[in-house]
Amino acid sequence: MTRRERAILFQVALYVALAAGIVALALVADWPTIRENFWNKGGVDWADGNWGDLITIGMVNTVKYTAIAFAGGLALGLVLALMRLSPVAPYRWLATIYIEFFRGLPALVVMIFMSTGLPIAFGWTPPGGTVGAGLIGLIMVAGAYMAETLRAGIQAVPKGQAEAARSLGMRPGTTTVRVVLPQAFRIVIPPLTNEFVLLIKDTALLFLLGAAANERELTSVAKDFLASGPSAGTATSLVQAALLYLIITLPLTQLVAWLERRQRRSVR
Amino acid sequence: MTAAPVLPERGTMAPAIQVTGLHKHFGRNEVLKGIDFHVDAGQVVCVIGPSGSGKSTLLRCVNRLEEPSAGQILIEGVDICDRKVDLDEVRSRIGMVFQQFNLFPHLNVLKNLTLAQRTVRGRSKDEAVQIARQTLGKVGLSEKESAYPAHLSGGQQQRVSIARALSMNPDMMLFDEPTSALDPELVGDVLAVMKDLASEGMTMMVVTHEMGFAREVGNKLVFMDGGVVVEEGLPTDVLSNPQHERTQAFLSKVL
Ligand SMILES: Nc1ncnc2c1ncn2[C@@H]1O[C@H](COP(=O)(O)OP(=O)(O)O)[C@@H](O)[C@H]1O
Ligand SMILES: [Mg+2]
C-alpha cells in the first residue's frame, strides 16, 4: 500500500466510525420523549407559549443590561488604561492593583458583594435595586478586562504618531484624544466585540441575584418557565433561550471574525 | 518699498537654533558628547554622518522630543529647557518632518493638515481649510485633499507631512532623513519641495544623505560622528576638501 492509499483508507475508517456512532445514538435515543422534553408543543406555541415573555422581557433586558455593562465597563476600562500608562507612578500602581484584583475574582462574587455585601458593610445600597447592584459588579469586572485590552491597543499605536502630534504643538491630552485613541479603538474593535459577547453571557449571572418579574433577563425568564407556563416540567424554555442567545451572539462572533480578517489584510 | 525704519524681525537678533554643550545619554550609552551647533535665521544647515552618530538625537533635542541630559538649547534666543517656557507653543513654531512620515492614518489629508491648526492655533475651520489648501497646492497635491494616507505613495505622504508642518506657519523646519524611506524615483519630488522652501527663505535643519541637495541648497554642512561635530563649513568646502580624516573616510564611502 502506498502512503496515499493508506491515508485514504484512514479517512474512510474515520467516516465509518462517525456514521456508526450517529446510527447507534439514533437507535438508543427515545425520540418522542426527547422531543416532548426539549421542544414541548405548548411551550413553543406563539399564541400562548413562552416566546412572548422570553423575547419581550428576557431578550430585551439581556440586550439592555449588556449594553449598560459594556458602556460602563468601557468607560471604566478607558480610565484604568490611561491611568496604567500615566507618567504618574501612583496612578499606575492603583490601576494595576485594581486590574489584577478584579480580573482574579469570579464576576459572580463581585456581583453578590455589590448587592448584599455593600448594604451590610456600609449601609449603602447601589441604585437600581438588585439588578443595578449586579450590573455595577459586572461593570467593575468588565472594566478590569477592557482596561487591559485598551492598554494593548494604545500601546500598539506607533510612537511616531504621538511624536508627530506633539511636534506640531498639540498638548498631551489633545494628542491622546485626537490622535492616539481613535487609532487604538480601531485596533481593539475585534477584542472589544468579543468582550461584548462574553458580557451577554455574563448577564445570565443576574439570575442568581433575583429580580422583579419584568426586570428578569433571558435566563431568568427561561428558568421560571421550567416550573410554570405551558411547557412546565420540560426543558423547552431553555432550548428556546439558547436559540435566542445564539441569535444575538452568532452575528457578533461572525462580525469579529470578519473584522479580524479585514485587519490582517490591511496592514498599513 | 516704504521707508519704514528697519526693525529686526523676530529671530534675526539671535540664531534660530543655538545648541551649546549638548550631552545626551540613553542609560549608560552617551550618544551626544558635547555638541555646539547653530542655525541662523533663513539658513539651510545640512547634517550628515554615519548611521548611529547621533544626528536624529540632536535633531529631536532641538524641539525636546528627546530630553537633553546637559547643555543649552536656545530657539530664537529662548531657552526651551526653562520651566517657564511653554514648550508646546515653541514646538508649534518648529515644523518637523520624520523619516517615516508619521501622517495620521485615521484622518484624510485635509484633516491631517487642519487638526493642529485648529487645536493649537485656534483657527476657525474655514481659515484652517483655506491655509491647508494653500500649502497642499505648494507641495503639488491639491487633488489629494480627501485621500487617506494609506492610499498615497511614500513621496506623496512625505509631501503631505511637509504641508502639515507648513500649515502651522512655522519659523523653521527640521527634517530627519526625509527621503531615506522613499523609492529612488520618488526622492526628487520631495527634494524639489524642500528646495522651493529654501528659496523662500525658510530656516531649515536637514539630516540627510542627499549630498547633491546639501551641496546645492545648503548654506552650511555639518559632519557628525560618534556623538560629536567633527567638521563643519560651506558644503562645497566640506564635500570637496574635507579636513578631517573621519570626514574623508565617510565621504569616500558615500560619494
Ligand atoms: N530612545 C533611545 N533609547 C536608547 N538608545 C537610543 C534611543 N534613540 C537612539 N538611541 C541610540 O543612540 C545612538 C544614536 O542614534 P541616532 O541619533 O538615531 O543616530 P543617527 O540618526 O545618526 O543614525 C544609536 O546608538 C542609538 O542606538
Ligand atoms: Mg537617524
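Cut-offs used in this document
Residues numbered from 1 in each chain as written. Chains lettered and ligands numbered in written order. Predicted model: local features only at pLDDT ≥ 70, side-chain atom pairs only at ≥ 80, totals over all residues. Heavy atoms only, no water. Near = heavy atom within 4 Å. Polar contact = N/O pair within 3.5 Å; in protein donor to acceptor, adjacent residues only side chain to side chain. Areas by Shrake-Rupley, 256 points an atom, 1.4 Å probe, with all protein chains shown as cover. Helix = DSSP H or I, 4+ residues; strand = E, 2+ residues; numbered from the N terminus. Nonpolar A, V, L, I, M, F, W, Y, C, P; charged D, E, K, R; others polar. Contact = heavy atoms within 4.5 Å. Salt bridge = Lys/Arg side-chain N within 4 Å of Asp/Glu carboxyl O. Disulfide = S-S within 2.5 Å. Buried < 20%, exposed > 50% of the residue type's maximum accessible area, 1.4 Å probe, protein only. Pairing = 2+ DSSP bridges. Axes fitted to C-alpha atoms, helices over the stretch in contact; angles between N-to-C directions. Left-handed = near helix turned anticlockwise from the far one by under 90°. Patch = residues over 30% accessible without salt bridge, like charges linked within 9 Å, V, L, I, M, F, W, Y side chains within 5 Å.

Colleague: For the site of ligand 1, give the residues involved together with the corresponding values.
Modeller: Residues and elements named next belong to chain B. With respect to spatial proximity, the complete set of residues near ligand 1 consists of F26, V31, P50, S51, G52, S53, G54, K55, S56 and T57. K55 has a polar side-chain atom sitting 2.8 Å from an oxygen atom of ligand 1. One of the side-chain nitrogen or oxygen atoms of S56 is found 2.7 Å away from an oxygen atom of ligand 1. Burial of ligand 1 by the protein amounts to 59% of the accessible area it has alone, namely 560 Å². With three residues, helix 1 (residues 55-62) is the largest single contributor of residues to the shell around ligand 1. Of the residues in the shell around ligand 1, the class split is three nonpolar, six polar and one charged.

Colleague: Before we move on, could you go through the interface of chain B and chain A and cite the residues and values that matter?
Modeller: Listed by partner, the interface residues are 22 residues for chain B and 19 residues for chain A. The salt bridge involving B:D88 is made with A:R171; its shortest N-O contact spans 2.8 Å. If you look at where chain B meets chain A, you find seven residue pairs in polar contact (both at pLDDT 80 or more). Those elements giving two or more residues to the side of chain B that touches chain A turn out to be helix 2 (87-92), strand 6 (94-97), helix 3 (109-119) and helix 5 (154-166) of chain B. Considering only residue class, the side of chain B that touches chain A consists of twelve nonpolar, five polar and five charged.

Colleague: Lay out the state of the cysteines with the relevant residues and their values.
Modeller: Residue and element names in this part refer to chain B. Within the structure shown, the criterion is met by zero disulfides over all chains. This cysteine, C61, is not joined by any disulfide, and C81 carries the nearest cysteine sulfur, 8.3 Å off. The class for C61 is buried, based on a relative accessible area of 0%. In this structure C81 comes out as partly exposed when scored by relative accessible area, which is 30%.

Colleague: Tell me about the sheet that holds strand 6 of chain B, and please be specific about residues and values.
Modeller: Residue and element names in this part refer to chain B. Here we have six strands laid out as an open sheet, ordered 6-7-8-3-9-10, and mixed in their pairing. Only two strands of the sheet have a single neighbouring strand rather than two, namely strand 6 and strand 10 (228-233). Taking each pair of neighbouring strands and ignoring which way they run, the sheet shows an average axis angle of 15°.

Colleague: Before we move on, could you go through the pairing of strand 7 (residues 172-176) of chain B and cite the residues and values that matter?
Modeller: For a regular strand, the rule is simple: side chains alternate between the two faces of the sheet. All names here are of chain B. Burial analysis of strand 7 places five of its five residues in the buried class, the great majority of the element. Neither face of strand 7 is exposed, since M172, L174 and D176 on one face and M173 and F175 on the opposite face are all buried. Note: strand 6 against strand 7, four bridges, orientation parallel. The residue of strand 7 that forms the bridge with V97 is F175. As paired strands, strand 7 and strand 8 (residues 203-207) are joined by five bridges and run parallel to one another.

Colleague: Explain the packing of helix 8 (residues 159-167) of chain A against helix 9 (residues 172-202) of chain A residue by residue, including any values.
Modeller: Residue and element names in this part refer to chain A. As a packed pair, helix 8 and helix 9 sit with axes 10 Å apart at the nearest point and diverge in direction by 145°. Crossing geometry of helix 8 relative to helix 9 is assigned as right-handed. For the pair helix 8 and helix 9, the contacting residues are Q161, A162, A165 and R166 in the first and P172, T175, V179, V180 and Q183 in the second. Tallied by class, residues from the contact of helix 8 with helix 9 come to five nonpolar, three polar and one charged.

Colleague: Account for a nonpolar patch on the surface, naming residues and giving values.
Modeller: All names here are of chain A. The grouping of W31, I34, F38, W39 and L243 at the surface amounts to a nonpolar patch, some 480 Å² of accessible area in total. For the nonpolar patch, the leading source of residues is helix 2 (residues 31-38), giving three residues. Tracing the backbone through its elements, the reader meets W31 in helix 2.

Colleague: Please give an account of the side chain of B:S161 that cites residues and values.
Modeller: All names here are of chain B. Note that S161 resides in helix 5. Looking at S161, its side chain comes within polar contact range of the side chain of Q158, at 2.6 Å. Among all residues touching S161, those that are not within four sequence positions of it are V97, F101 and L103.

Colleague: For helix 1 of chain B, give the residues involved together with the corresponding values.
Modeller: Residues separated by three or four positions in an α-helix point in the same direction, a consequence of the helix having 3.6 residues per turn. Residue and element names in this part refer to chain B. Extensive coverage of helix 1 is indicated by the burial of seven of its eight residues. All of the buried residues along helix 1 are K55, T57, L58, L59, R60, C61 and V62. Just beyond helix 1, the residue with positive phi is R64, at close to 60°.

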